[in-house]
Amino acid sequence: PRSRPAGADEPPAIAIGADDLVITASTRVKPGTYAVVDRNGDGVVRVRGKGVRLDLTGVTLVGAAAGAEPSTQTGIGISVEGAEGCEIVGGSARGFRVGLRAQGCPGLSVTGFDGSGNRRDRLKSTPEAEDAEDWLWPHENDGGQWEQRYGAAISLVDCEGAKVSGCACHHGQNGLLLARC
């Protein structure tokens, strides 16, 4: 039997060139830093389809200019919708309201993703006095208020059986938001 060349079973490697990149089959993104603004709020990279594996090893997706006020960050780095059994591996997204957002993805797996440096409020409390505007309101989320008001490194909505492991979030307001998971 003939041996297979190294990497023969690996999916194609692509670059992220612009907003609204739709992924429908297992894909590797070429390592590097990609500065792309999510202009329409639906994700720079959008994953759709059953059993898709997105390998972001060595990839950094940046959605805001260096020095941008964290409370003004908008958009979604990676959006996964209706992708049953999808797997997201590695990578990082910073400068967004939400680094990685998944909705309606039973069996989703997110491993080694870094959502550090996404949206966070500028606190109004001081050592002298607490400001009530700094409080989080965890019971109001029927209309997706957690993402809209506070942002997150990773937000999962309606993702039954999801697995999140080896992920990180620093310098952001929320690490992992879970709604109906």
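A brief structural summary. (Residues numbered from 1 in each chain as written. Predicted model: local features only at pLDDT ≥ 70, side-chain atom pairs only at ≥ 80, totals over all residues. Heavy atoms only, no water.)

### Notes on the sheet that holds strand 4 (residues 32–35)
At step 1: Ordered in space as 4-7-10, the three strands form an open sheet in which the pairing is parallel. In this open sheet, the two edge strands, each paired with only one partner strand, are strand 4 and strand 10 (92–94). Averaged over all pairs of adjacent strands, the angle between strand axes in this sheet comes to 15°, irrespective of strand direction.
At step 2: Here strand 7 (residues 59–62) pairs with strand 10 via three bridges, running parallel. Looking at strand 10, one finds that Val62 is bridged to Arg94. (Pairing = 2+ DSSP bridges. Helix = DSSP H or I, 4+ residues; strand = E, 2+ residues; numbered from the N terminus. Axes fitted to C-alpha atoms, helices over the stretch in contact; angles between N-to-C directions.)

### Points about the pattern of salt bridges
At step 1: Tallied over the full model, the rule gives seven salt bridges.
At step 2: Salt-bridge contacts for Glu87 lead to Arg53; the nearest nitrogen and oxygen are separated by 3.4 Å. Here Glu87, found in strand 9 (residues 87–89), pairs with Arg53, found in strand 6 (residues 53–55); they are 34 residues apart in sequence, far enough to count as distant.
At step 3: Arg119 is paired through a salt bridge with Asp121; the nearest N and O atoms lie 2.5 Å apart.
At step 4: Salt bridges sharing common partners tie together Asp20, Asp42 and Arg46. (Salt bridge = Lys/Arg side-chain N within 4 Å of Asp/Glu carboxyl O.)

### A few points about the pairing of strand 15 (residues 176–179)
At step 1: The two faces of strand 15 differ: Leu177 and Ala179 on one face are buried, but Leu176 and Leu178 on the other face are not.
At step 2: Both strand 13 (residues 152–157) and strand 15 contribute to a ladder of four bridges, which runs parallel. Within the sheet, the bridge partner assigned to Val157 lies in strand 15 and is Ala179. (Buried < 20%, exposed > 50% of the residue type's maximum accessible area, 1.4 Å probe, protein only.)

### Quick notes on the nonpolar core
Nonpolar side chains in soluble globular proteins tend to be buried together.
At step 1: Membership of the largest hydrophobic core comes to 30 residues, with the highest contact counts inside it found for Val45, Val47, Leu61, Ile78, Val80 and Ile88.
At step 2: Put simply, the parts of the chain that give this core at least two residues each are strand 5 (45–48), strand 7, strand 8 (76–81), strand 11 (98–103) and strand 13.
At step 3: The biggest single contributor to this core is strand 13, with three residues.
At step 4: With residues near it in sequence (within four places) discarded, Ile88 still touches Val47, Leu54, Leu56, Val80, Leu100, Ser109, Val110 and Thr111. (Core = buried A, V, L, I, M, F, W, Y, C linked by side-chain atoms within 4.5 Å. Contact = heavy atoms within 4.5 Å.)

So far we have only geometry, and geometry alone does not tell us how the molecule works.
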